[in-house]
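What follows is the residue order along each chain.
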Amino acid sequence: QVQLVESGGGLVQPGGSLRLSCVGSGFSFSGYIMRWYRQAPGKERELVAIITETSGYVNYADSVKGRFTISRDNAKNTVYLQMNSLKLEDTAVYYCNTPNGGPSGSWGQGTQVTVSS
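Residues numbered from 1 in each chain as written. Predicted model: local features only at pLDDT ≥ 70, side-chain atom pairs only at ≥ 80, totals over all residues. Heavy atoms only, no water.

Q: Requested: an account of the sheet that holds strand β7 (residues 68-73), with residues and values cited.
A: Taken in spatial order, the four strands of this open sheet run β1-β3-β8-β7, and their pairing is antiparallel. Looking along the sheet, the strands with just one partner apiece sit at the ends: β1 (3-7) and β7. Mean inter-strand twist for the sheet, computed between neighbouring axes without regard to direction, equals 15°. With five bridges connecting them, β1 and strand β3 (residues 18-25) associate as antiparallel partners. Paired with Val-5 across the strands is Val-23, a residue of β3. (Pairing = 2+ DSSP bridges. Helix = DSSP H or I, 4+ residues; strand = E, 2+ residues; numbered from the N terminus. Axes fitted to C-alpha atoms, helices over the stretch in contact; angles between N-to-C directions.)

Q: Explain the state of the cysteines to me, and be specific about the residues and the numbers.
A: Enumeration over the complete set of coordinates arrives at one disulfide. Shown here is the disulfide that connects Cys-22 with Cys-96, its sulfur atoms set 1.8 Å apart. Between Cys-22 and Cys-96 the sulfur-sulfur dihedral comes to about 50°; the bridge is accordingly right-handed. Remark: Cys-96 occurs in strand β9 (residues 92-98) and Cys-22 occurs in strand β3; sequence separation between them is 74 residues. The residues Cys-22 and Cys-96 share a single accessibility class, namely buried. (Disulfide = S-S within 2.5 Å. Buried < 20%, exposed > 50% of the residue type's maximum accessible area, 1.4 Å probe, protein only.)

Below, the structure is given as structure tokens:
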């Protein structure tokens, strides 16, 4: 069955860095676009970054442009989100997503990122 498992979240100070990972299984990972979303309490889920199948195109939300980098390693069925210069407003649960599985695609369980102090 299609599975996406995020990891790498945690508590960091403003200006710090985290590297999130999402491992896919149960589908042909290299054949699908991958996305990172985030959601803070009381706020709609927001698209953060997208990367195409062979990394030929990437795009970012304006709020993270220049600070976050999305990448993927198809041999490891993994997509990454490197987050630098973290701000208080980056605090959210971060999810990875792929279109595989229907119009809403498939989602991981999420990983919590908290930027504090």
